[in-house]
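Structure assessment
As a plain string of letters, each chain reads:
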Amino acid sequence: MSHAIGHVTWRAACGLVLLACLVPCASAAAVKKWSVLGPFVIGKNELDGEAWRSSNSSELGGAALKKFVAQSGGSVAVSWPEVDWQSLVNGVGGHEILEWQARAVGGFKTDGSNVHISCQGVTSFTLDDSQSFVGDLYWAKLPAHVVKLKAGNHRISIRLRGKLQTQFACHVEKPSSKSPLLLFGDSFAALPDVISSPDVPRGIQICGDLGLGSANQDPDRWIKDLRPVLINNKFLSLAPEQPRLHLAPGQITRASVRLEVLPDVGPCKDEVFVDVAFEGMLGEERSRSEALRLRLKCRDVTRQSFVFTFQDADGSLQHAAAVLPWDTEKSPCKGACPVLVTLSGTSITARDSADAYKMKFNDKDPEYRFGIEGAWLLAPTRHGAHNWEGPGRRTALSALAALPQLAQRLALPPVDASRVVVAGHSMGGHGAWLFAFAHDVLAVVSSASWLRKDQYADSNKVLLHDLATPKVEPLLQGLLRTAEAEFDVEAQAATVAHLPVLIRVGSQDRTVHPWFSRRMYRTLLSEGAKDVTLTELPGKEHWWWDTAKPNDGGAVNDPEIRNFLKRVLDKEKSPSSLRWRSVVFGSVGGTLRHGLRVRALARPERRAEVSVELPEKGPAVLATSNVVQLQWQRSKEWQGVQQVLLDGQLQSLPQEAVFHQVQWCLDFGTWKVCDFAVAQRHQRHPNQAGPMREIYSAPLCGVSADEEGEKALQFFGNMLVMTGHGVIRLLSSQEVEVHGGQVTAPASCENLLVVGAPENAVVAALLANSPMAFDSSMLSLGGCSWLRGENLAALSLLPWKASAKEPRLALVATGTSRSAAEALTMLSTPTIPPMARQPLTHLLPDYVVLDVEETRRHGPGGYLAAGFWSNDWQRLPSAYERCTPRGDRGTQHRSHRVAEEL
Ligand SMILES: *[C@@H]1O[C@H](CO)[C@@H](O)[C@H](O)[C@H]1NC(C)=O
């Protein structure tokens with residue numbers, strides 16, 4: 001249930017897949033001979049330089065070009081026994097040094113037709129040093145990529161990463177299936193359960209849409225208007241409305257199928273099989289995939305957990321497990337039941353996460369009791385190394401948002417989503433804190449949690465051994481770290497200090513040492529926490545099933561936790577104290593907490609805080625820092641309060657029921673009810689909070705007008721599937737238009753990713769109001785101008801508003817069409833095995849300007865500018881730039897034209 005255990009489980013799983021692969025892969029020719037240049041040091045984050053581009057000298061003790069031959073099955077094992085790893089760990093200090101990078105090159109021959117190419121065990125590979133493709137890092141049977149190649153010799157190059165050792169494989173084969181439309185399941189499927197219960201009047205019900213992998217294996221043509229075909233099924237039929245889907249050439253995604261239960265079908269036993277195919281238009285031809293058999297489990301919700309699917313914030317279909325509340329008559333349900341959201345450690349399935357909440361009242365009971373008393377149990381999940389940060393946290397919040405409708409649709413006990421307790425174990429213990437910062441919860445249970453990824457074990461140390469380190473000055477490092485500030489648990493301890501908090505850890509936990517729990521406990525106490533408990537369970541390690549006696553609920557559901565939940569759920573919703581604080585970083589700002597929402601910060605990249613005191617008589621006292629727009633709405637906490645002293649300025653609260661909310665704006669030091677003119681100064685809507693990873697805050701579409709950009713988007717989209725089961729809808733350039741400076745896209749697009757040169761009409765329209773200014777030869781920002789050479793590129797968040805909708809975000813990758821595409825591809829390539837994050841989710845602020853070639857050599861040391869945009873989308877004084885200030889003579893990024901003008 002931990003990072004470390006997850007690592008082992010993953011390896012074990014890979015071993016099995018490898019064996020399983022031997023038979024179906026037999027027809028594929030493995031690339032056998034490899035030359036590998038290494039080992040070199042590497043940082044522990046998603047981006048670092050490639051050493052061999054600058055020098056072949058290595059501080060690990062000499063790098064060499066070695067030959068490796070694939071074993072039968074194609075897998076290549078790479079290690080460096082000549083390196084004295086032990087002395088490096090002892091002498092340099094720490095296990096971070098065990099991770100290395102190397103460049104592997106292998107060749108193959110074709111007779112000049114389409115080939116299928118796939119590599120396993122790596123995040124990506126490059127063909128003939130030109131196009132990059134997504135690797136099947138987890139050996140999860142990600143489909144091969146189809147490429148059109150000239151007859152002759154070709155080469156695959158891979159940037160290998162390993163910790164002590166690594167294993168990878170590449171296969172090249174002729175396409176075998178007739179249709180380029182491919183469906184695939186396995187770990188890529190999100191399958192809802194079919195539930196039956198005596199309480200459900202209609203026999204069986206299906207808990208959401210089916211998600212399954214789909215790929216367009218045509219290298220040139222779109223497959224349009226995909227629709228599912230259901231092959232005779234006794235229980236289910238296709239719903240009349242199906243999500244609309246087109247697949248770009250080479251695109252891999254997750255497609256949804258909406259099914260309905262046929263009338264008058266009886267209860268299901270064990271499982272229901274669904275045979276489904278997809279059909280779409282390949283130009284004028286109809287193309288049909290082979291059918292895929294999916295197995296839906298039948299579950300009895302009166303005594304078992306069940307899995308449901310839901311639409312996540314980013315538009316992808318994700319799944320969660322849930323268990324109905326039990327003993328609702330004498331429990332705190334009262335009409336609707338509160339929810340315990342539980343977040344799991346790495347590699348635990350949603351079902352296992354929910355089923356960890358089991359116990360027996362009496363050891364002789366024949367059956368376990370699942371779930372908890374008087375509350376729904378909700379166990380969301382998301383594939384990949386999200387750490388419940390960014391897209392992972394949104395998945396948890398989206399699962400919670402989906403639960404009430406699901407319960408209503410399936411006639412299950414109603415859900416009170418305003419009364420939520422969050423719990424979690426290991427990585428989920430970290431997630432429980434983060435969830436509590438972004439949702440108004442009643443209490444927190446955090447077990448065996450760590451606090452910051454870069455401070456936990458040897459993972460993700462920022463700029464320690466990285467090649468980039470000597471090139472990244474402290475100011476730039478600060479900006480990169482600022483992008484992660486909202487995941488720093490300790491820094492936001494004040495936000496949960498007024499809540500009941502239970503921290504638990506095994507005293508012998510060596511996976512997540514009790515140090516982290518003790519540290520959070522001390523920090524909470526220093527922030528004034530009154531109702532916080534730290535329990536170190538003597539002799540327990542990272543996970544256990546029995547705490548004091550057999551089947552007593554163990555690590556996540558033993559009597560201590562059950563009693564805590566009972567206490568916090570029984571209370572009517574009211575603050576446990578009449579004082580609270582909210583610390584706000586980045587996207588957390590939009591959270592409504594005890595009737596208050598921070599809508600805009602003076603400096604969006606900085607920490608903000610609101611503190612509240614509700615005295616028994618007289619006005620409430622609010623103090624803020626770095627806040628310029630604040631929304632209040634009446635809630636239980638504020639019963640009877642009529643006035644507020646806001647930073648010492650008296651404000652009255654609307655008393656009439658119709659005016660149950662008010663927004664205040666800070667107008668040159670004076671708080672006022674917002675008027676339009678003042679609110680206009682904060683043009684950046686809360687939906688438009690950065691940093692770059694916030695493009696996943698709403699369904700994302702991608703578009704490019706040139707071929708290189710389209711290939712980069714294909715890579716980005718496929719990487720999203722591989723790393724996080726995420727989706728991007730790719731658009732053809734005709735689907736995005738510019739009218740009167742306004743960019744329009746299909747209605748399902750809420751955020752937009754655009755790749756192309758600044759001359760492209762869409763890019764130009766989005767950049768129009770940005771301080772990032774391109775003319776025919778220069779990119780200018782702040783006091784800097786850079787020559788628009790072939791390596792200059794920029795990625796930037798920009799405001800975008802799809803017509804008639806709330807303001808949203810665009811992310812533009814621009815430069816030349818080639819450098820824009822390369823920058824997006826490079827920054828979207830995760831490099832940490834096996835914990836690869838979703839593209840653009842780590843250490844990236846609102847914008848970066850980069851030299852593509854320098855960034856390949858030096859990682860973030862190749863950035864020319866980086867920073868966050870202000871509330872009115874302007875450059876902030878905290879920004880980083882590296883350039884020749886205008887007026888000085890000669891550097892590599894200096895325009896000759898400008899030199900002449902001087
Ligand atoms: C490193 O070695 C490889 C293989 O021998 C060679 O191709 C490359 O040019 C070398 N790099 C440098 C910077 O010398």
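Residues numbered from 1 in each chain as written. Predicted model: local features only at pLDDT ≥ 70, side-chain atom pairs only at ≥ 80, totals over all residues. Heavy atoms only, no water.

**Some thoughts on the side chain of K44**
Our working rule: Think of it this way: any DSSP run of H or I at least four residues long counts as a helix, any run of E at least two long counts as a strand, and we number them from the N terminus. We define a polar contact as two N or O atoms separated by no more than 3.5 Å, with the added condition that, inside protein, one atom must be a possible hydrogen donor and the other a possible acceptor, whereas residues neighbouring each other in sequence contribute only through side-chain atom pairs. Between two residues, a contact is recorded if the distance between any of their heavy atoms is within 4.5 Å.
Note on placement: K44 falls in the loop between β2 (33-41) and β3 (64-69). Among the polar contacts listed, one links the side chain of K44 to the side chain of E99, at a separation of 2.7 Å. In this structure, K44 is in contact with E96, E99, R161, D458, S459, N460, K461, D466 and I832, ignoring residues within four places of it in sequence.

**With respect to the environment of P833**
Looking at where P833 falls in the secondary structure, it is placed in the loop between α14 (817-827) and β53 (847-851). Expressed as a C-alpha distance, the spacing of P833 and T166, which sit 667 residues apart in the sequence, is 9.3 Å. Not counting residues up to four positions away in its chain, the partners in contact with P833 are E99, L137 and R161.

**Describing the pattern of salt bridges**
Operational definition: A pairing counts as a salt bridge when a side-chain nitrogen of Lys or Arg comes within 4 Å of a carboxyl oxygen of Asp or Glu.
Taken as a whole and judged by the stated rule, the model has 56 salt bridges. Here R303 makes a salt bridge to D300, at a shortest N to O gap of 3.3 Å. Ionic contacts of the salt-bridge type, sharing partners, join the residues E50, R53, R818, E822, E853 and R856 into one network.

**What to know about the site of the ligand**
Counted only if it meets this: Any residue with a heavy atom positioned within 4 Å of a molecule or strand is treated as near that molecule or strand. Here the open area of atoms and residues is found with the Shrake-Rupley method and a 1.4 Å probe, where only the protein chains shown may cover a residue. When residues are sorted by character, Ala, Val, Leu, Ile, Met, Phe, Trp, Tyr, Cys and Pro go into the nonpolar class, Asp, Glu, Lys and Arg into the charged class, and all the rest, Gly among them, into the polar class.
Every residue lining the ligand is accounted for by L37, W52, S54, S55 and N56. In this structure, W52 approaches the ligand through a main-chain N or O atom, which is 3.4 Å from a nitrogen atom. Take N56: an N or O atom from its side chain is 2.2 Å from an oxygen atom of the ligand. For the ligand, whose unbound accessible area comes to 360 Å², protein coverage reaches 42%. Residues of the shell around the ligand, tallied by class, amount to two nonpolar, three polar and no charged.

**Structural notes on the packing of aromatic side chains**
The criterion, for reference: Pairing of aromatic side chains here covers Phe, Tyr and the six-membered ring of Trp, requires ring centres within 6.5 Å, and sorts the geometry by plane angle: under 30 degrees stacked, over 60 edge-to-face, intermediate tilted. Charge-over-ring contacts are defined here by two conditions on Lys NZ or Arg CZ: a distance within 6 Å of the ring centre and an angle within 35 degrees of the ring normal.
Per the counting criterion, the structure on display carries 18 aromatic pairs. Arranged with centres 5.9 Å apart and planes meeting at 80°, the rings of Y456 and F516 form a pair that is edge-to-face. Taken as a pair, Y456 in the loop between β30 (443-447) and α6 (474-482) and F516 in helix α8 (residues 514-526) lie far apart in primary sequence, 60 residues in all. A connected cluster of aromatic rings, assembled from ring pairs, spans F306, F308, F310 and W376. Stacked on the ring of W222, the Lys or Arg K224 has its end atom at 5.2 Å from the ring centre. Of note, K360 hangs over the ring of Y368, and the distance from its end group to the ring centre comes to 4.6 Å.

**A look at the state of the cysteines**
Operational definition: By definition, disulfides here are pairs of cysteine sulfur atoms that lie within 2.5 Å.
Using the criterion set out here, one finds five disulfides in the structure. Here C119 engages in a disulfide with C170; their sulfurs sit 2.1 Å apart. Classification of the bridge connecting C119 and C170 rests on its S-S torsion, roughly 105°, and on that basis the disulfide is right-handed. Placement of the pair is C119 in strand β6 (residues 114-120) and C170 in strand β11 (residues 165-173), with a sequence separation of 51 residues.

**Focus: empty space enclosed by the protein**
The gaps left among the atoms become clear once a water-sized probe is rolled over them. Here is the rule: Here a cavity means grid points, on a 1 Å grid over the protein atoms only, where a 1.4 Å probe fits yet cannot get out; a pocket means an open set of points with protein on both sides within 12 Å along at least five of seven lines; lining residues are those with an atom within 4 Å of a point. Grid points are joined across faces, edges and corners, and a volume is the space filled by probe spheres set on the points. Here the bounds of each domain stem from an automatic or database domain assignment.
Counted by the stated rule, this structure contains nine cavities of 30 Å³ or more. Each pocket or cavity is described by its volume, and for the largest cavity that value is around 220 Å³. Taken together, 22 residues line the largest cavity, and the ones lying closest to its centre are E46, L47, H842, L843 and L844. Residues belonging to the lining of the largest cavity are distributed by class as follows: 13 nonpolar, six polar and three charged. Taken together, domain 1 (7-177) and domain 5 (687-901) each give at least three residues to the lining of the largest cavity, which thus spans both.

**Quick look at the nonpolar core**
Grouped burial of nonpolar side chains is what soluble globular proteins tend to show. We apply this condition: Residues grouped as a nonpolar core are buried Ala, Val, Leu, Ile, Met, Phe, Trp, Tyr and Cys residues, joined through side-chain atoms within 4.5 Å. In this scheme, a residue with accessible area under 20% of its type's maximum is buried, one over 50% is exposed, and one in between is partly exposed, where area comes from a 1.4 Å probe on protein chains only.
Residues F716, L824 and V849 are the most contacted members of the largest nonpolar core, which totals 79 residues. No other element matches the seven residues that strand β51 (residues 792-800) contributes to this core. If we ignore the near neighbours within four places in the chain, the residues touching L824 are A712, L713, F716, L753, V755, L795, A813 and L840. Of all hydrophobic cores here, the second largest spans 55 residues; its members include A322, L434, F437 and M520.

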